[in-house]
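Residue-level structural notes
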Amino acid sequence: MSNQNIRVRFAPSPTGPLHIGGVRTALYNFLFARQHGGKFILRIEDTDQTRFVAGARDYIIESFKWCGIEFDEGVTKGGDYGPYTQSERKEIYKQYAQQLINSGNAYYAFDTPEALASKRTEFEAEKRTFTYDAAERLNMSNSLSLPKEEVDKLLSDGVPYVIRYKMPENEVVVMNDLIRGKVEVNTSVLDDKILFKSDGMPTYHLANIVDDHLMKISHVIRGEEWLPSLPLHVLLYRAFGWEEPQFAHLPLLLKPDGHGKLSKRDGDRLGFPVFPLQWKDPKTGELSRGYREDGYFPEAFVNMLALLGWNPGDERELFSMEELIEAFRIERVNKSGAKFDAEKAKWFNHQYLIKKTNEELADAFTPLLLEKGILADKEFVVKVVDLVKERATFVADLWDQSSFFFTRPDSYDAKAVKKRWKTASYDQMTELKDILANIEPFTSDHTEEVVKKWIEEKEYGMGAVMNAFRLLVVGALKGPHLFDIIAMLGQEETLERIALGLQELGRKE
Ligand code: GLU
């Protein structure tokens, strides 16, 4: 198959915000298309109007934009195989359902919802489960069980019907999956799925097959939850006499403990987002957090997702989108589920944070400083960021790690005071203040040399003096190298902070 013939699609149903598992499916499709020079298509599968949620489609498009996943054809973009929204293709599907009836692969079923419900109750009473299948279909009301004249009459009277696939009896369907290899299923465990509904809409199964065929999709890469539908899909291709695409079913994203599928509730319970962007439920107004709003870099998010279920076969972990396009292999996608790891997600963000230049980080940090009412010199912010970025996971962490560069302590960490503000501290810090007042130049190296020499000569404990000193300057026992901090603050500010601290903490008796 030549590269231009590689056509893959992401085909979400707009029923709510896109779960990160869905983003990963889209990402793998995109990577696959790009590395083969093929096309990536976005198709919206909205045939189930009862589950339609306003805003879901635009949410998907915005998520793609944020992640850098570009589609070549599809909704809002157009292409030669449109429209790309199934509700706008309504007219297309009926003829294909009809084609299957004509070839004896499908049939009309007139069973009312009440009749189906009572059948189910009847079965339940006998501790059995009702399935509309080869064993039961002749006991139901359909064009296989009823005489032809009656069927014609029901149809001409406009009695509501659905069209069901006539599942062959006791046949072994052999399928191939690019990740799982050969998959075999006996049709006796499968039911007669509805292909066309009484509301004039196709079901997912029919619309999906017809569209994949008409849109010349070469590879169907989708979540594992669709694997049970694969035999039906393959049988439909064969019933139509169409060439099947190749299939790849991706492993599930699992809860951090590996027990079950990762859900929104896990995110709420364990404190991480399961959606790329924040989502506000249009009905309830409920807000769900998103990676973007939580402060993740899109590159970090994409990198993390790519490695959930795939690995390059070596130790590499950091990949740009370009590198992913290069390295991704569908055959290297794991068969078993991928455990989500929130700490690893943070690790990726930290890696991308420290890879940014200090200028880029300063630009990202500046709006946050402005929010706090701090108008700082860019050069100063660049230096601060350089000193603290190793300790930050998110841009917002830069504030926690560096606030003391911009504001004086308004309190002193009580625990640290209790432990580190000793009886001798007051006099030692008073002495230190005089020493610092006379240091010239007030650089990090020079102040360090002078202060350390003084500590040694006086035989004061290094730890005791440095902790007390840090407490007065920072307000807590945190932050980078203290002499770097005071050099940045300058002599005057350092002396004032010491004076202020002495006043606040006083002499410990
Ligand atoms: N509409 C289906 C979904 O929402 C598409 C499944 C497929 O890719 O075939 O996931």
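Structural notes, computed from the coordinates. If you're wondering where the values come from, they're calculated on a predicted model, not measured in any experiment.

**What about the overall build of the protein chain?**
The secondary structure content of the protein chain amounts to 20 helices and 14 strands. Relative to its length of 509 residues, the protein chain is extended, with a C-alpha radius of gyration of 33 Å against a globular reference of 23 Å. Along the first, second and third principal axes, the C-alpha atoms of the protein chain reach 110 × 55 × 35 Å. The buried share among the 509 residues of the protein chain stands at 50%. Residue pairs in contact within the protein chain that sit at least 24 positions apart in sequence constitute 71% of those at least 6 positions apart.

**Some remarks on a positive patch on the surface**
The grouping of Lys415, Lys418, Lys419, Lys422 and Lys508 at the surface amounts to a positive patch. Within the element layout of this structure, Lys415 appears in helix α15 (residues 414–420). Residue Lys415 is classed as exposed on the basis of its relative accessible area, which comes to 72%.

**Topic: helix α11 (residues 342–355)**
Along its 14 residues, α11 runs 20 Å from first to last C-alpha, staying within 8% of the 20 Å computed at 1.5 Å per residue. Within the sequence span of α11, burial applies to Ala342, Ala345, Phe348, Asn349, His350, Gln351, Tyr352 and Leu353. The inward-facing, buried residues of α11 abut α9 (298–306) and α12 (358–371). The N-capping residue of α11, defined by a side-chain oxygen 3.1 Å from the backbone nitrogen of Glu343, is Asp341.

**Section: the site of the ligand**
In the vicinity of the ligand, the contacting residues are Arg9, Ala11, Pro12, Ser13, Glu45, Tyr204, Asn208, Arg222 and Trp226. Residue Ser13 places a side-chain N or O atom 3.0 Å away from a nitrogen atom belonging to the ligand. With respect to the ligand, the side chain of Glu45 contributes an N or O atom lying 2.6 Å from a nitrogen atom. Residue composition of the shell around the ligand, grouped by class: four nonpolar, two polar and three charged.

**Observations concerning the nonpolar core**
One finds Phe40, Phe64, Phe340, Leu436 and Phe469 to be the most contacted residues of the largest nonpolar core, which totals 151 residues. Per-element accounting of this core gives the leading share, nine residues, to helix α1 (residues 20–35). Tyr107, Ala109, Leu116 and Val162 belong to the second largest nonpolar core, which has eight residues in total.

**Quick notes on the environment of Arg180**
For Arg180, the location among the structural elements is in the loop between β6 (172–177) and β7 (181–186). Arg180 sits in the buried class, given a relative accessible area of 19%. Residues Arg180 and Ala248 lie 68 residues apart in sequence; the distance between their C-alpha atoms is 7.7 Å. When residues no more than four places from it in sequence are discounted, the contact partners of Arg180 are Glu224, Leu227, His249, Leu250, Pro251 and Lys335.

**Re the sheet that holds strand β4 (residues 106–109)**
The antiparallel open sheet is built from three strands, whose spatial order is β4-β5-β8. Only two strands of the sheet have a single partner each, and these edge strands are β4 and β8 (194–196). Pairs of neighbouring strands in the sheet enclose a mean axial angle of 45°, with direction left out of account. The pairing of strand β5 (residues 162–165) with β8 spans two bridges and is antiparallel. Across the sheet, the residue bridging to Ile163 is Phe196, located in β8.

**What to know about unusual backbone geometry**
Cis geometry is adopted by the peptide bond preceding Pro83, which originates at Gly82 and carries an omega value of -5°. Looking at where Pro83 falls in the secondary structure, it is placed in the loop between β3 (73–74) and α3 (90–102). Here the residue pair Glu440 and Pro441 is connected by a cis peptide bond, since its omega of 0° sits within 30 degrees of zero. If you check the backbone angles, Glu459 has positive phi at about 55° while not being a glycine. In this fold, Glu459 is placed in the loop between α17 (444–458) and α18 (462–474).

**Topic: the packing of aromatic side chains**
Aromatic rings in a pair are described by how distant their centres are and how their planes are angled relative to each other. Going through the model one piece at a time under the given rule, you end up with 32 aromatic pairs. Between the aromatic rings of Tyr291 and Phe301, the centroid separation amounts to 4.8 Å while the plane-to-plane angle is 35°, which identifies the pairing as tilted. Here Tyr291, found in the loop between β13 (287–288) and α9, pairs with Phe301, found in helix α9; they are ten residues apart in sequence, far enough to count as distant. Exposure remark for Tyr291: the relative accessible area of 0% places this residue in the buried category. An aromatic cluster of at least three residues, connected via ring pairs, comprises Phe365, Phe380, Trp399, Phe404, Phe405 and Phe406. Above the face of the Phe71 ring, Lys77 is positioned so that its terminal group lies 5.7 Å from the ring centre. The cationic tip of Lys355 hangs over the ring face of Tyr352; the distance from NZ or CZ to the ring centre is 4.5 Å.

**Side note on helix α6 (residues 204–214)**
Counting buried residues in α6 gives nine out of eleven residues, a clear majority hidden from the surface. Buried within α6 we find Tyr204, His205, Leu206, Ala207, Asn208, Ile209, Val210, Asp211 and Asp212. For α6, the elements touching its buried residues are β1 (7–10), α3, β8, β9 (219–223) and α7 (230–240). Two residues or fewer after α6 comes Lys216, characterised by a positive phi angle close to 55°.

**So, the pattern of salt bridges**
As enumerated under the stated definition, the model contains 36 salt bridges in all. The salt bridge involving Asp192 is made with Arg137; its shortest N-O contact spans 2.6 Å. Of the two residues, Asp192 sits in the loop between β7 and β8 while Arg137 sits in the loop between α4 (113–125) and α5 (148–156), which places them 55 residues apart along the sequence. Given a relative accessible area of 0%, Asp192 falls into the buried group. For Asp266, the salt bridge goes to Lys255, with nearest N and O atoms at 3.0 Å. In this pair, Asp266 sits in helix α8 (residues 264–270) while Lys255 sits in the loop between β11 (253–254) and α8, placing the two residues eleven residues apart along the sequence. Pair check on accessibility: Asp266 and Lys255 agree, each one buried. Members of the salt-bridge network, linked through shared partners, are Arg9, Arg43, Glu45, Arg89, Asp211 and Asp212.

Criteria and cut-off values
- Residues numbered from 1 in each chain as written.
- Predicted model: local features only at pLDDT ≥ 70, side-chain atom pairs only at ≥ 80, totals over all residues.
- Heavy atoms only, no water.
- Helix = DSSP H or I, 4+ residues; strand = E, 2+ residues; numbered from the N terminus.
- Rg over C-alpha atoms; globule rule 2.2 N^0.38 Å.
- Buried < 20%, exposed > 50% of the residue type's maximum accessible area, 1.4 Å probe, protein only.
- Contact = heavy atoms within 4.5 Å.
- Patch = residues over 30% accessible without salt bridge, like charges linked within 9 Å, V, L, I, M, F, W, Y side chains within 5 Å.
- Areas by Shrake-Rupley, 256 points an atom, 1.4 Å probe, with all protein chains shown as cover.
- Salt bridge = Lys/Arg side-chain N within 4 Å of Asp/Glu carboxyl O.
- Lys, Arg positive; Asp, Glu negative; His and termini not counted.
- Charge placed at Lys NZ, Arg CZ, Asp CG, Glu CD.
- Expected span 1.5 Å × (residues − 1).
- Polar contact = N/O pair within 3.5 Å; in protein donor to acceptor, adjacent residues only side chain to side chain.
- Near = heavy atom within 4 Å.
- Nonpolar A, V, L, I, M, F, W, Y, C, P; charged D, E, K, R; others polar.
- Core = buried A, V, L, I, M, F, W, Y, C linked by side-chain atoms within 4.5 Å.
- Pairing = 2+ DSSP bridges.
- Axes fitted to C-alpha atoms, helices over the stretch in contact; angles between N-to-C directions.
- Phe/Tyr/Trp six-rings, centres within 6.5 Å; stacked < 30°, edge-to-face > 60°.
- Lys NZ or Arg CZ within 6 Å of the ring centre and 35° of its normal.

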